[in-house]
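Observations on chain architecture
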Amino acid sequence: MDCLFCKIVAGRIPAEIVYDSDTALAFRDIDPQAPTHVLVIPRKHVSTINDLDGEDEALVGSLFTAAKEIAAAEGIADDGYRTVMNCNEGAGQSVFHIHLHVLGGRPMTWPPG
Ligand code: 5GP
Ligand code: ZN
């Protein structure tokens with residue numbers, strides 16, 4: 001499968017890894033939109049939120065516990081941070097391997113664009 005993030009999981013494309021577990025991997029976004037911008041991905045390929053099934057519930061939960069640990073390590077947990085997972089092109093998804101954006105280190109506005 002020709003998936004960019006599967007290639008990062010496999011170590012075939014370099015990335016600045018900041019978190020690693022049995023189920024999840026996190027690395028810095030190549031085009032950061034905030035002082036901290038980390039992508040948390042499942043090791044298992046899932047294209048979009050629409051492709052999740054019941055067996056993936058723990059997997060998705062592990063992305064959020066990873067985000068919590070990353071936010072603490074980055075020093076943004078107390079000030080606050082944004083977690084975003086875009087689904088499909090209309091919402092801005094451009095890489096079709098689900099990923100949780102963790103953004104922080106600057107004030108976040110609402111609603112997002
Ligand atoms: P999406 O638009 O799908 O929600 O987010 C995809 C993210 O992946 C974007 O923020 C983009 O900057 C990031 N990205 C795209 N290609 C690469 C890459 O090769 N390495 C890293 N670290 N991030 C990437
Ligand atoms: Zn993939």
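Refer to the structure printed above.
Everything numeric in this text was worked out from a predicted model, so none of it was measured.

The subject of this paragraph is the site of ligand 1. Residues in contact with ligand 1 amount to 15 residues; listed here are only the nearest, Asp-29, Gly-92, Ser-94, His-99 and His-101. Here an oxygen atom of ligand 1 and a side-chain polar atom of His-101 are 2.8 Å apart. Protein coverage of the free-state accessible area of ligand 1, which is 520 Å², stands at 82%. Contributing elements (two or more residues each) for the shell around ligand 1: helix H1 (4-9) and strand E2 (24-28). Its residues placed into classes, the shell around ligand 1 shows six nonpolar, six polar and three charged.

On to the pattern of salt bridges. Pairs can form between side chains of opposite charge once their charged atoms are near each other. Evaluation of the coordinates by the stated rule reveals five salt bridges. Between Arg-28 and Glu-16 there is a salt bridge, with the nearest N and O atoms lying 3.2 Å from each other. Separated by twelve residues along the polypeptide, Arg-28 in strand E2 and Glu-16 in the loop between H1 and strand E1 (17-20) bring together distant segments of the chain. The partner of Glu-74 in a salt bridge is Arg-28, and the shortest N-O contact between them spans 2.8 Å. Placement of the pair is Glu-74 in helix H2 (residues 57-74) and Arg-28 in strand E2, with a sequence separation of 46 residues. What makes Glu-74 partly exposed here is its relative accessible area of 26%. Here the residues in one salt-bridge network are Glu-16, Arg-28 and Glu-74, joined through shared partners.

Turning our attention to unusual backbone geometry. Put simply, Trp-110 and Pro-111 share a cis peptide bond, and its omega is 0°. As for its placement among the helices and strands, Pro-111 is situated in the segment after strand E5 (100-104). Even without a glycine there, the phi angle at Asn-88 is positive, about 75°. Structurally, the position occupied by Asn-88 is in the loop between strand E4 (81-84) and E5.

The rules behind these values
Residues numbered from 1 in each chain as written. Chains lettered and ligands numbered in written order. Predicted model: local features only at pLDDT ≥ 70, side-chain atom pairs only at ≥ 80, totals over all residues. Heavy atoms only, no water. Near = heavy atom within 4 Å. Polar contact = N/O pair within 3.5 Å; in protein donor to acceptor, adjacent residues only side chain to side chain. Areas by Shrake-Rupley, 256 points an atom, 1.4 Å probe, with all protein chains shown as cover. Helix = DSSP H or I, 4+ residues; strand = E, 2+ residues; numbered from the N terminus. Nonpolar A, V, L, I, M, F, W, Y, C, P; charged D, E, K, R; others polar. Salt bridge = Lys/Arg side-chain N within 4 Å of Asp/Glu carboxyl O. Buried < 20%, exposed > 50% of the residue type's maximum accessible area, 1.4 Å probe, protein only.

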